[in-house]
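# Summary of the model geometry
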Amino acid sequence: MTLDRLVVIESGYRFNTSIRLYYSYISCMSSLKGENPSNANEGCVGPTSQDAGKASACAGCPNQSACSSGSFNSPAAIAAKEKEKTVLQNALTNVSHVILVLSGKGGVGKSTVSTQLAQSLSSRGYSVGLLDVDICGPSIPRMSGVVGQTVHQSQQGWEPVYANPNLAVMSISFLLEEGDAAVVWRGPRKNGLIKQFLTETDWGVGGLDYLIIDTPPGTSDEHISIVQYLNDARPMMTDGNGSGASGAIVVTTPEEVSMADVRKELNFCKKTSVPVLGIVENMSGLQMRVSDLSFFRDGSGSDNGDTITSNSNDCTNDVLALLKEKCPEVLSMVAATDVFPSSGGGPRGMAEKFNVPYLGKLPLDPNLLKACEEGTSFVDKYPSSPATSPLNNIVDKLILALPVEDDDGEENDAMKTD
Ligand code: ADP
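Conventions used here
- Throughout, residues of each chain are indexed from 1 in the direction in which the sequence is written.
- Given that this is a predicted model, residues contribute local features only at a pLDDT of at least 70 and side-chain atom pairs are listed and counted only at 80 or more, while totals for whole chains, interfaces and linings are drawn from all residues.
- Side-chain descriptors were evaluated using all non-hydrogen atoms of the structure, hydrogens and water having been removed beforehand.
- Stacked, edge-to-face and tilted are the three classes for Phe, Tyr and Trp ring pairs, Trp counted by its six-membered ring, which pair at centre distances within 6.5 Å; planes under 30 degrees apart are stacked, over 60 edge-to-face, the rest tilted.
- The helix count covers DSSP runs of H or I at least four residues long, the strand count covers runs of E at least two residues long, and both are numbered beginning at the N terminus.
- Throughout this description, buried means an accessible area under 20% of the type-specific maximum (1.4 Å probe, protein chains only), exposed means over 50%, and partly exposed covers the range between.
- To get an axis, a line is fitted to the C-alpha atoms, and for a helix only the part in contact is used. The angle between two axes follows their N-to-C directions and goes from 0 to 180 degrees.
- Oblique is the label for every angle not falling under 35 degrees (roughly parallel), over 145 degrees (roughly antiparallel), or within 65 to 115 degrees (roughly perpendicular).
- Only heavy atoms enter the contact rule, under which two residues are in contact if any of them lie within 4.5 Å.
- Classification used: nonpolar for Ala, Val, Leu, Ile, Met, Phe, Trp, Tyr, Cys and Pro, charged for Asp, Glu, Lys and Arg, polar for all others including Gly.
- A cavity here means a set of 1 Å grid points, computed over protein atoms only, where a 1.4 Å probe fits but cannot escape. A pocket is an open set with protein on both sides within 12 Å along at least 5 of 7 lines, and lining residues have an atom within 4 Å of a point.
- Grid points are joined across faces, edges and corners, and a volume is the space filled by probe spheres set on the points.
- Each residue gets a pLDDT score, which is the predictor's confidence in that residue and runs from 0 to 100.

### Section: the packing of aromatic side chains
The final tally for this structure, using the stated rule, is three aromatic pairs. Ring plane angle 75° and centroid distance 5.4 Å describe the contact between Tyr 126 and Tyr 210, whose orientation is recorded as edge-to-face. Remark: Tyr 210 occurs in strand 9 (residues 208-214) and Tyr 126 occurs in the loop between helix 3 (110-123) and strand 4 (128-132); sequence separation between them is 84 residues. Tyr 126 gets classed as buried once you look at its relative accessible area, which sits at 0%. A relative accessible area of 0% means that Tyr 210 is categorised as buried.

### Some words on the packing of helix 2 (residues 75-91) against helix 6 (residues 221-233)
As a packed pair, helix 2 and helix 6 sit with axes 7 Å apart at the nearest point and diverge in direction by 85°. Here helix 2 lies roughly perpendicular to helix 6, going by the angle between them. Listed contacts from helix 6 to Lys 81, Glu 84, Lys 85, Leu 88 and Gln 89 of helix 2 are Tyr 229, Asp 232 and Ala 233. Across the contact of helix 2 with helix 6, the residue classes break down as three nonpolar, one polar and four charged.

### A word on empty space enclosed by the protein
A probe as big as a water molecule, rolled over the atoms, marks out the empty space that is left. In the structure shown here, the tally under the stated rule is one cavity of 30 Å³ or more. By volume, the largest cavity amounts to about 90 Å³. Contributing to the lining of the largest cavity are 14 residues, with Ala 40, Cys 44, Cys 58, Cys 61 and Cys 67 lying nearest its centre. Its residues assigned to classes, the lining of the largest cavity shows nine nonpolar, five polar and no charged.

### With respect to the confidence of the model for the protein chain
With 81% of its residues at a pLDDT of at least 70, the protein chain reaches an overall mean of 81. Confidence drops under pLDDT 50 across residues 1-34; counting only partners more than four residues distant or on other chains, this segment forms 102 contacts. Note on residues 238-242: pLDDT is under 50 here. Beyond four places in sequence and across chains, it has seven contacts.

So, in structure tokens, the structure goes:
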């Protein structure tokens, strides 16, 4: 069997009766620029080049022997590649905008931003797909309230799980026998699944206004693959060097440790011609209503072994009662403190330096965390929480940047209502 159509049936995953997870190494034969394989070395001369397999950049490349043998260039490989492009194009033809959500590090709120943007857009009446390609750490199902669900297969492909009538979710979690199972896969296998998500998910008859893709942290194989698949799927959206993705939202926390990695992410976007829709500064200070705070007596000097926040030191009820009696207006004030110090102009300065939009700050807001744990739409459930208005502003900016056309072809960037 030739490598260009190797299909592996994977057992042990839960697919309603006949569904089987398969992947093909054909993904390795696709390209970011020209026909370079997704897993090619830096400086790849391209599999169709006369130097393919022989150039210095080919040393150690997993495709070296295929390139030297000319199999990338064979009529069968070219036909397979064309077929793959057609399948990708057909699958995403009804999707107006594809948004990648990126971050340099894990834990900075990428999935939170992906999920809550999707929830907010769907609440405003847009038709939204949320695709979780963070294959080794999928948190989207929990955050969108559909954990433990399964996908079903119809004649049209995989039916995503609906978090609400306007929000379709697809994640590897829905395919696993056990939600907590560890996914230990190498790059090509992950890439194969990502392509399957893109080609086989049936996003519904009306298609999608927005497809939001939650990616793993960093810039890995998966990022290169997804950009390349989107280029193949949406060639009309490219401007020569351009990207099939409508754009990327880059999430960072304010401190230098996170921003250093985000700069790599911004350079990745530049290199792959993915437009940057903007930077979201997440966890920018802790903000809470005074009435939601807890208060503790400082018992740190005592030798009873308790930490300050142990129950024995809790005096929240006393303090709130005192405030209510003496200065009730304080209870509705917002208490704020910086958690991650920003340096060198912070994420806003970085946005200016890279000449990309700055979408705004989201404070650390315990209600945002709660909404993600509960799998609900934060802005709907907590309309007056400190992070609500900043999140709504980010959604407004996103809709302005990527307006959706009405059925009559008019741009509709006004907020939709049901
Ligand atoms: P990542 O996807 O970057 O790994 P997550 O979105 O999973 O990060 O966020 C990590 C944790 O932090 C989650 O529990 C999430 O709910 C929480 N979190 C993220 N942003 C905020 C915020 N602004 N306020 C409160 N909690 C947040």
